[in-house]
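# Architecture at a glance
One letter stands for each residue in the lines below.
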Amino acid sequence: MAQTSLTGSRWLDSVARRLKHLREGLKSPESGRLEEFKARTFLVVKCRWLLLTLVGIYCLVAGSTYYVSRIGLFLSPSQVMFLVVTASTVIAYNLLLHLFYQRIICCFRFINVFQIVLDLLLVTVLVHLSGGASSWFWPVYLIVTIEAAFLIEGKREVWFVGAFGGILYGALLALEHFGFIPNVPMPFVEPGLHQDPHYILLVWLWVSLLNAAAAVIGSYFVSVIERESEATRQSEERLMGFLDTANDLILSFSPEGRLRYVNEAWQQVLGYTAEEAKELSFFGIIHPDSRERCNAELERILAGDVLSPLEATLVAKGGRSIIVEGSLTCGVDGEGSTAVWGICRDITERKQVEEQLYRLAHHDTLTGLPNRILFLDRLQQAKAHANRYRHHVALMFLDLDRFKIINDTLGHPVGDKLLQEVAKRLVDCVREVDTVARIGGDEFTVVLVNIDSVEDVKRVAQKILKSLSVPFMVDSFELYITTSIGIALYPGDDENPDNLVKKADIAMYHAKGEGRNTFKFYVPKMDANADKRLLLETSLRKALDNEEFRVYYQPKVDITTKQITAMEALLRWQHPTLGLVAPSEFIPLAEETGLIVPIGEWVLRAACLQNRKWLEMGLPPMKVAVNLSGYQFQQPNLLDIIRTVLADTGLDPGLLELEITESVIMQNPDFAVAVLAEIRDLGIHISIDDFGTGYSSLAHLKRFSINTLKIDKSFVRDVEINSADAAIATAIIAMGNSLNLKVIAEGVETEGQLTFLSENKCDEVQGFLFSTPMPSEDVADFLRGRTTLVAPVSLNSAP
Ligand SMILES: Nc1nc2c(ncn2[C@@H]2O[C@H](COP(=O)(O)O[C@H]3[C@@H](O)[C@H](n4cnc5c(=O)[nH]c(N)nc54)O[C@@H]3COP(=O)(O)O)[C@@H](O)[C@H]2O)c(=O)[nH]1
């Protein structure tokens, strides 16, 4: 790993050096050559300053030496002036090149040839003024020739310059020799040396040969250097091509964060051009979320640490977030200063896919809520948090009441939308820190964190029940749904999350058993019931075949005449080991499993048959009231079943009463209106059971084809002591009267309750005050034992 990183670091360093040159203009051959030429000219300018300084120092030293020596200054004023003018010319054009070399080079095409020729002329003047044939300055020709080899591209031109230098030198010697130019006599030199043709020829030959050699060798060396630099350039171009066509994002920046290089992929992904990027800071393109981590990593890299791959979010032009994964490494750039190199890959899409997969794996696709996996994870987190801060966690287990009916009757699309709406309302009922999850069909869980008291939990449960009580509008259906909530507390009820879920589930079943639309806190004694529930679940399927069901009957009494108006059929289960099981314990189970449909049909048939038997026994005709479950009510063949049962048993429809709870009817009022009308058309009496617990309004009631409202026993129980219950009971009676409906109160146990109901003009009563539910065999005796037997029933003709 370290080895790989080291190799990567070296590679990036070499990239840095190469890119330095590339950045300086080697991207296109033309601009590259121009840049290179500029660089060379500038180098020559610098060398010329050095040469001028050296020559100047020498001249000054030599001049002052002569001046103070016995020889004295031997140059005439005009010669000094000529020398000064010559030196000034060199200085002037060098200064010109130095200050404006870029512009000058761009303007003049042959500036290089021009300045070399100028240099040769000036050297010739220098040689002339320093003694001509005896001058020590002839090597400067060689320097100018080497300068030409460095500046001029073509070899021939360089050779020409070499030859031209020799010609100029020869011309000078010849002109001086033949007296066309006065010779400048130099001290320490034998007079007449310039007159000696032999010496002149040799010195000229030597200088020319050396100059020619300098031209040939210089141009050769320069061509070798150029070839190598061309090869380097090509390799750099290839590298540049590689970097720019690389799919990965490559960038380099100074330790202060200034961006120095970005490749094509980087530009495409981030949306900035290379030029714009140079104005940016590395820290500026890092998303605030990643900045702190990147800063820390950068500090470690600059301190020499080798880092593992890093993930960060960059901000592209326009503000889009780009997630990248890559590594940073510290190196040097072409100038030898510290540079940080980064190579990374755009993983935004991968991250999105990963996030999507995570979502799919941890969220419910229908509602978008956390699913069971994420819920358990959140529960675990909530537990840890509670341990740390000494808080409590409440786990709510919710099961929608009779949701299956909506799904089965209105179809899954409607059911799905209803679940989505329920999910939204649940989320609105809790704080952001809490978790609402969907863990099954119509099962939701809520994790409430930072709980200080049970009252807080109760408040949330009540809030949920209230929120769900508002009707849902789904595909033009007005739907009413309630929920049963079981609550388990951590750490009180259990330490283990799975057990907490189980306990909340057990409590939820108790809430269902208590009539639904309520919440229950888990208490340990519920465990025994859970075992019983399991036993009931397994044996319920066989109960019908094993003829374990019994029907008990409870009379309904006219409040004024005290006559029996009807007998309500109430189901019991004679379990082989558990004994007589109450319907509240197994009806919810039967509804969940769908067994309620055959069981309900069995009760209907048994009750009708029994009523028929009572008639045959000579008892006066009276209605038999049968409870219809929500599941039965939604069955498409309900009317066929009723007709068949009536036909099979031969019971007059007028002697049958069906009790349907308000909440069942209100679950889908439009549907209920149609079914109730059809039932009533058969001549059957219809009662709305548990009235007051649902959410029907006067507007709804007017549309329903019903005969009786049955006040729920929860209002009757405290009617004498609870003014609210009394007000509700009175309001129901008033509502019934105004709609011409009979009103019956159930659960009447005391004379006080009876008196209240009688004073408030309730029509009928039912309850333990008159009789508890009894087996069919006892009904005849019960009826015969009463002085006033049965109220006369107006019969319809059977269909
Ligand atoms: N779908 C079907 N539901 C049925 C059927 N048989 C019964 N049920 C429903 O089960 C619930 C519980 O019924 P049960 O335990 O039989 O209780 C009934 C009475 O025993 C009880 N009652 C009657 N008088 C009094 C009283 O004075 N005090 C008191 N505390 N309880 C009393 O009330 C129950 C009758 O309720 P209701 O039906 O609302 O008239 C119950 O909801 C039944 O509807 C069945 O065959 N199918």
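Residues numbered from 1 in each chain as written. Predicted model: local features only at pLDDT ≥ 70, side-chain atom pairs only at ≥ 80, totals over all residues.

### What to know about the overall build of the protein
- Along its length, the protein carries 28 helices and 22 strands.
- When contacts within the protein are restricted to residue pairs at least 6 apart in sequence, those whose partners lie at least 24 apart make up 66%. (Helix = DSSP H or I, 4+ residues; strand = E, 2+ residues; numbered from the N terminus. Contact = placed C-beta atoms within 7 Å.)

### Brief notes about the nonpolar core
- Of all hydrophobic cores here, the largest spans 125 residues; its most connected members are L395, M396, I485, I487, A504, A569 and V624.
- Each of two domains, domain 3 (363–524) and domain 4 (537–785), supplies a minimum of three residues to this core. (Core = buried A, V, L, I, M, F, W, Y, C linked by C-beta atoms within 7 Å. Buried ≥ 20, exposed ≤ 12 C-beta atoms within 10 Å, placed from the backbone. Domains from an automatic or database assignment.)

### Quick look at the site of the ligand
- In the neighbourhood of the ligand, 24 residues make up the surrounding shell, with L571, P583, N627, S629 and G767 lying closest.
- Mapped by element, the contributors of at least two residues to the shell around the ligand are β14 (564–575), α18 (583–593), α19 (596–616) and β18 (685–691).
- Class assignment of the residues belonging to the shell around the ligand gives a composition of 9 nonpolar, 8 polar and 7 charged. (Near = placed C-beta within 6 Å. Nonpolar A, V, L, I, M, F, W, Y, C, P; charged D, E, K, R; others polar.)

### What about the environment of A734?
- Relative to the helices and strands, A734 resides in helix α26 (residues 723–738).
- For A734, a count of 13 C-beta atoms within 10 Å puts it in the partly exposed group.
- On a C-alpha basis, the gap between A734 and K761 in space is 8.5 Å, while along the polypeptide they are 27 residues apart.

### Description of the packing of helix α6 (residues 155–177) against helix α7 (residues 197–245)
- One way to put it is that α6 packs onto α7 with a least axis distance of 8 Å and a crossing angle of 165°. Relative to α7, the element α6 lies roughly antiparallel. Judged by the twist between their axes, the crossing of α6 over α7 is right-handed.
- Residues that form the contact of α6 with α7 fall into these classes: 14 nonpolar, 10 polar and 1 charged. (Axes fitted to C-alpha atoms, helices over the stretch in contact; angles between N-to-C directions. Parallel < 35°, antiparallel > 145°, perpendicular 65-115°, else oblique. Left-handed = near helix turned anticlockwise from the far one by under 90°.)

### Concerning α19
- Taking 1.5 Å per residue as the helical rise, α19 with its 21 residues ought to reach 30 Å, and the 29 Å between its terminal C-alpha atoms agrees with that figure.
- Residues of α19 that are buried: I596, I599, G600, V603, L604, A606, A607, C608, N611 and W614.
- Downstream of α19 by a residue or two, G618 has a phi angle that is positive, lying close to 95°. (Expected span 1.5 Å × (residues − 1).)

### Overview of the sheet that holds strand β6 (residues 392–400)
- Spatially, 5 strands are ordered β7-β8-β6-β11-β12 in an open sheet, and the strand pairing comes out mixed. With partners counted over all chains shown, the strands left at the sheet margins are β7 (435–438) and β12 (519–521), one partner each. Going across the sheet, the axis of each strand differs from the next one's by a mean of 20°, ignoring polarity.
- As paired elements, β6 and strand β11 (residues 483–490) share 8 bridges and run antiparallel to each other. (Pairing = 2+ DSSP bridges.)

### Observations regarding unusual backbone geometry
- Note that the residue after Y490, namely P491, is joined by a cis bond; omega there is 5°.
- Its place among the elements puts P491 in the loop between β11 and α16 (497–513).
- Despite not being glycine, S476 shows a phi value in the positive range, around 70°.
- Along the chain, S476 turns up in the loop between β9 (472–474) and β10 (477–479).
- Take S476: there are 7 C-beta atoms within 10 Å of it, and that puts it in the exposed class.
- A positive phi angle, near 65°, is found at K761, a position not held by glycine.

### Thoughts on the environment of Q753
- Among the structural elements, Q753 can be located in helix α27 (residues 751–759).
- Classification of Q753 as buried rests on a count of 23 C-beta atoms within 10 Å.
- For the pair Q753 and L769, spaced 16 residues apart in sequence, the C-alpha separation works out to 9.7 Å.
- Once you skip the residues sitting within four places of it in the chain, Q753 turns out to touch V716, V719, E720 and V748.

### Some details on the pairing of β6
- Counting buried residues along β6, 8 of its 9 residues qualify, which places the element largely inside the surrounding structure.
- Examined bridge by bridge, β6 and strand β8 (residues 443–451) share 7 bridges and lie antiparallel to one another. For F397, the partnering residue across the bridge sits in β8 and is T445.

### Side note on the confidence of the model for the protein
- Looking at the protein, the pLDDT average stands at 87 and 92% of residues meet or exceed 70.
- In this model, residues 1–28 is a region of pLDDT below 50 whose contacts with residues beyond four sequence positions or in other chains number 41 contacts.
- At the level of chain-chain contacts, confidence expressed as ipTM amounts to 0.94, with global pTM at 0.61. (pLDDT = per-residue confidence, 0-100.)

### Some details on the environment of G170
- Assignment of secondary structure puts G170 in helix α6.
- Considering only alpha carbons, one finds G170 and L205, 35 residues apart in sequence, at a separation of 8.6 Å.
- Residues contacting G170, with those up to four places away along its chain left out, are W204 and S208.

### Here we look at the pairing of β8
- In the sheet, β7 pairs with β8 via 4 bridges, with the strands oriented antiparallel. Considered in β8, the bridge of A437 is made with T445.

### Here's the deal with the packing of α16 against helix α17 (residues 526–543)
- Put simply, α16 and α17 touch, their axes get as near as 10 Å, and they point 80° apart. Relative to α17, the element α16 lies roughly perpendicular. Of the residues in α17, those in contact with I506, A507, Y509 and H510 of α16 are M526, D527, N529, A530 and R533.
- Among the residues forming the contact of α16 with α17, the class breakdown is 5 nonpolar, 2 polar and 2 charged.

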